[in-house]
Amino acid sequence: MPTSGWKLIVRVGSECLTSPLMPPNNGTRGFLLVVFCLFAFDAYAKTASEVFDAVSPSVIVIRTFDAQGKALGLGSGVALGGGMVATNCHVLAGAEHMRVQHRKREYPAALRHSDWDRDVCTLAVNGLKAAPVTLGSTARLKVGARVYAIGAPRGLELTLSEGIISSLRPVAGGQYLQITAPLSPGSSGGGLFDEQGRLIGLPTFYLAEGQQLNFAVPVEWISELPKRHKSTEETTQTPYLDWLNKAAALQVKQDWAGLLNHARRWTKAQPQAAVAWHCLGFAYGKSGQSAKAIEAYRQAVRINPEYAEAWYNLGVVYGKSGQTTSAIEAYQQAVRIDPEDADVWNNLGAVYGDSGQIAKAIEAFQQAVRINPEFAKAWLNLGVVYGDSGQIAKAIEAFQQAVRINPEYAKAWLNLGGSYGKSGQTAKAIEAYRQAVRIDPEDAEAWYSLGVAYRLSGQAEQTLAVYKRLKALDPARAEQFLNENVLP
């Protein structure tokens, strides 16, 4: 049974193996990856206008000046309450003086806390009465979720841009967000908000070789800032966030050789950065060096034993290397840390199945579909292990869920046809197989199964037609079909 690779959260990577159990995606999780709803209205998704109306009073324009009072640049910030404003540190780079603008009034500002490594700073602003933002969380965000960036791109105060989360990259304390919402110079340090108007990050702007990549640092880094504050001076070393941005750019470009070189330098420069070792593991995996990938992932979890994504990816590489027991242990660590990750449960179920632990495989797949009832591949896998355990009626129900969710899921239709056949429902088996070959007309196995069903139902003409089709697709399979079935 194959296991998927790491989340890019968007998901990228190698092709699935040919086992009947399917992983949740085709690749390993990207290195780069709770507010619970206490009231019903928390789940209500506001419109773009409603989000803007709710949060724009909390968005600030920041202007910076040199020692002579000459303007250096501008950026954005968000009000935290008590005269505090959060922004990106790079907005303040080189500044001797700072002023913030809110509702056509300007106020002098002073640096309060700084973390240049993560590019998060706060300003103290006397007299500022801006409404504070509501802090959210990146813990349960999903790729595809709608987000809104509000800032002052190119000096245009309070400009809203809308997009989705295109990737989540787990980092210490939260998730680094890659977004499609357009960002421009001046947007940096503003607010990135979810559909309930909660602050989930501070947009930063990163341009890599002509390709615009839009990112936001997680809101959790604002909360951690006071305890990480060390100096008001800019660092002379490459900041953590710069390493992260470069890694993200190389990954998006699928420059695996460049990523491997970058990750090696990153782990040397910041040997205690778990994400750097995670990145190195991914790069080694892409270069086919599984043993070194395992070593790098293990270093990541040694540094941070609560790094769920590193445990997940370690399980992936162990699984692909045939180390089933180690894969199970790694996935168990991942679900211990995050028991609501459907992908990990699905992969854990696959390796349980590989090791012959069918009952545990069923339990794991049941967890996956409990967490995500629309997880078609997990339903497929659950159907397979139900079938392996002789529970044909339950297998049929699981495969029916898979094709309900994805009516173009050829493999699910093929498995559904097989289960109908085992239960003696030949007519339904034929219909399921016909769906499978409609979706994938080059699938010789589906044609073979359809031909057998036709023969069992006494449809001689259709059986012969399948044989002819098989002969064109796979002559060896056609010969087997001929030997095992009586043709007219």
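Residues numbered from 1 in each chain as written. Predicted model: local features only at pLDDT ≥ 70, side-chain atom pairs only at ≥ 80, totals over all residues. Heavy atoms only, no water.

## Let's talk about the nonpolar core
To keep things clear, this is the line we draw: Among buried residues, those of type Ala, Val, Leu, Ile, Met, Phe, Trp, Tyr and Cys that are joined through side-chain atoms within 4.5 Å constitute a nonpolar core. When a residue's accessible area, from a 1.4 Å probe over protein chains only, is under 20% of the maximum for its type it is buried; when over 50% it is exposed; and in between it is partly exposed. Counting from the N terminus, the helices are DSSP H or I runs at least four residues long and the strands are E runs at least two residues long. Contacts are assigned to residue pairs with any non-hydrogen atoms lying within 4.5 Å of each other.
Phe193, Trp266 and Leu382 are the most contacted members of the largest nonpolar core, which totals 116 residues. It is helix α5 (residues 274–286) that provides the largest number of residues to this core, a total of 9 residues. Not counting chain neighbours up to four residues away, the residues in contact with Leu382 comprise Ile362, Phe365, Gln366, Val369 and Ala398. Judged by nonpolar contacts, the second largest core, of 17 residues, contains Ile60, Cys89, Val100 and Trp116.

## Observations regarding the packing of aromatic side chains
Rule in force here: Stacked, tilted and edge-to-face are the three classes assigned to paired rings of Phe, Tyr and Trp, where Trp is represented by its six-membered ring and a pair needs centres within 6.5 Å; plane angles under 30 degrees give stacked, over 60 edge-to-face, the rest tilted.
Counted according to the given criterion, the structure contains 7 aromatic pairs. Measuring from ring centre to ring centre gives 5.3 Å for Tyr176 and Phe215, while their planes differ by 10 degrees; the resulting arrangement is stacked. Of the two residues, Tyr176 sits in strand β11 (residues 174–179) while Phe215 sits in strand β14 (residues 211–218), which places them 39 residues apart along the sequence. Pair check on accessibility: Tyr176 and Phe215 agree, each one buried. Three or more aromatic residues joined by ring pairs form one cluster here, namely Trp221, Tyr240, Trp243 and Trp266.

## Let's talk about the pattern of salt bridges
Rules: Salt bridges are defined as contacts in which a side-chain nitrogen from Lys or Arg sits within 4 Å of a carboxyl oxygen from Asp or Glu.
A complete count under the given rule lists 13 salt bridges for this structure. The partner of Arg118 in a salt bridge is Glu224, and the shortest N-O contact between them spans 2.6 Å. Taken together, the positions of Arg118 in the loop between β7 (105–115) and β8 (120–125) and Glu224 in helix α2 (residues 220–228) put the pair 106 residues apart, joining distant regions of the chain. The class for Arg118 is buried, based on a relative accessible area of 6%. Since its relative accessible area comes to 19%, Glu224 is described here as buried. One salt bridge in this structure joins Arg140 and Asp338, with 3.1 Å as the shortest N-O distance. Of the two residues, Arg140 sits in the loop between β8 and β9 (146–151) while Asp338 sits in the loop between α8 (324–337) and α9 (342–354), which places them 198 residues apart along the sequence. In this structure, a network of salt bridges that share partners links the residues Arg63, Arg99 and Glu106.

## Concerning the sheet that holds strand β4 (residues 71–81)
To summarise the sheet geometry, strands pair through backbone hydrogen bonds and adopt either a parallel or an antiparallel arrangement. Basically, it comes down to this: Only strands that DSSP links by at least two bridges are regarded as paired with each other. Every axis corresponds to a line fitted to the C-alpha atoms, with the helix fit spanning only the stretch in contact, and the corresponding angles, defined between N-to-C directions, vary from 0 to 180 degrees.
The sheet built from 6 strands closes into a barrel, its strands ordered β3-β4-β5-β8-β7-β6 with antiparallel pairing. Each strand axis lies, on average, 40 degrees off the axis of its neighbour in the sheet, ignoring direction. Of the pairings in the sheet, the one linking β7 to β8 comprises 6 bridges and is antiparallel in character. Within β8, the residue paired with Asp115 across the bridge is Val120. Packed onto the sheet, α2 meets β4, β5 (84–87), β7 and β8 and runs at close to 65 degrees relative to β7.

## Regarding helix α7 (residues 308–320)
Formally: The span you would expect from a helix comes to 1.5 Å times its residue count less one.
In this model α7 runs 19 Å from its N-terminal to its C-terminal C-alpha over 13 residues, within 8% of the 18 Å that 1.5 Å per residue would give. The buried fraction of α7 is high, at 11 of 13 residues. Taken residue by residue, α7 has Ala308, Glu309, Ala310, Trp311, Tyr312, Asn313, Leu314, Gly315, Val316, Val317 and Tyr318 as its buried positions.

## Regarding the pairing of β11
Across the 6 residues of β11, 6 count as buried, placing the element largely inside the fold. Two strands pair when backbone bridges link them, and strand β10 (residues 159–171) and β11 are joined in this way by 6 bridges, in the antiparallel orientation. Within β11, the position partnered with Ser167 by the bridge is Gln178. Following β10, the chain reverses through 2 residues before pairing antiparallel with β11; Gly173 in that reversal takes a positive phi of roughly 95 degrees.

## Focus on helix α11 (residues 376–388)
Compared with the 18 Å implied by 1.5 Å per residue over 13 residues, the 19 Å span of α11 between its first and last C-alpha is a close match. Buried residues dominate α11, accounting for 11 of its 13 residues. Taken together, the buried positions of α11 are Ala376, Ala378, Trp379, Leu380, Asn381, Leu382, Gly383, Val384, Val385, Tyr386 and Gly387. The inward-facing, buried residues of α11 abut α9, α10 (358–371), α12 (392–405) and α13 (410–422). Gly390 sits one or two residues past α11 and shows a positive phi near 80 degrees.

## Some remarks on the pairing of β10
Note that β9 and β10 share 6 bridges and pair antiparallel. Paired with Gly151 across the bridge in β10 is Thr159.

## Describing the packing of helix α4 (residues 256–269) against α5
This is how it is decided: Roughly parallel covers angles under 35 degrees, roughly antiparallel covers those over 145, roughly perpendicular covers 65 to 115, and oblique covers all other angles. Should the near helix be turned anticlockwise from the far one by less than a right angle, the crossing is termed left-handed; should it be turned clockwise, right-handed.
Across the interface, α4 lies against α5 with an axial gap of 8 Å and an inter-helix angle of 150 degrees. Considering their axes alone, α4 and α5 lie roughly antiparallel with respect to each other. Handedness of the crossing formed by α4 with α5: left-handed. Residue-level inspection shows Trp256, Leu259, Leu260, Ala263, Arg264, Trp266 and Thr267 of α4 in contact with α5, the latter providing Val275, Ala276, Trp277, Cys279, Leu280, Phe282, Ala283, Tyr284 and Lys286.

## Quick look at unusual backbone geometry
In the Ramachandran plot, Arg103 falls in the positive-phi region, its phi being about 50 degrees despite a non-glycine side chain. By relative accessible area, which is 61% here, Arg103 ends up exposed. With phi around 65 degrees, Lys104 is a residue other than glycine that occupies positive phi space. Position of Lys104 among the secondary structure elements: in the loop between β6 (97–102) and β7. Here Lys104 falls in the exposed class, since its relative accessible area comes to 79%.

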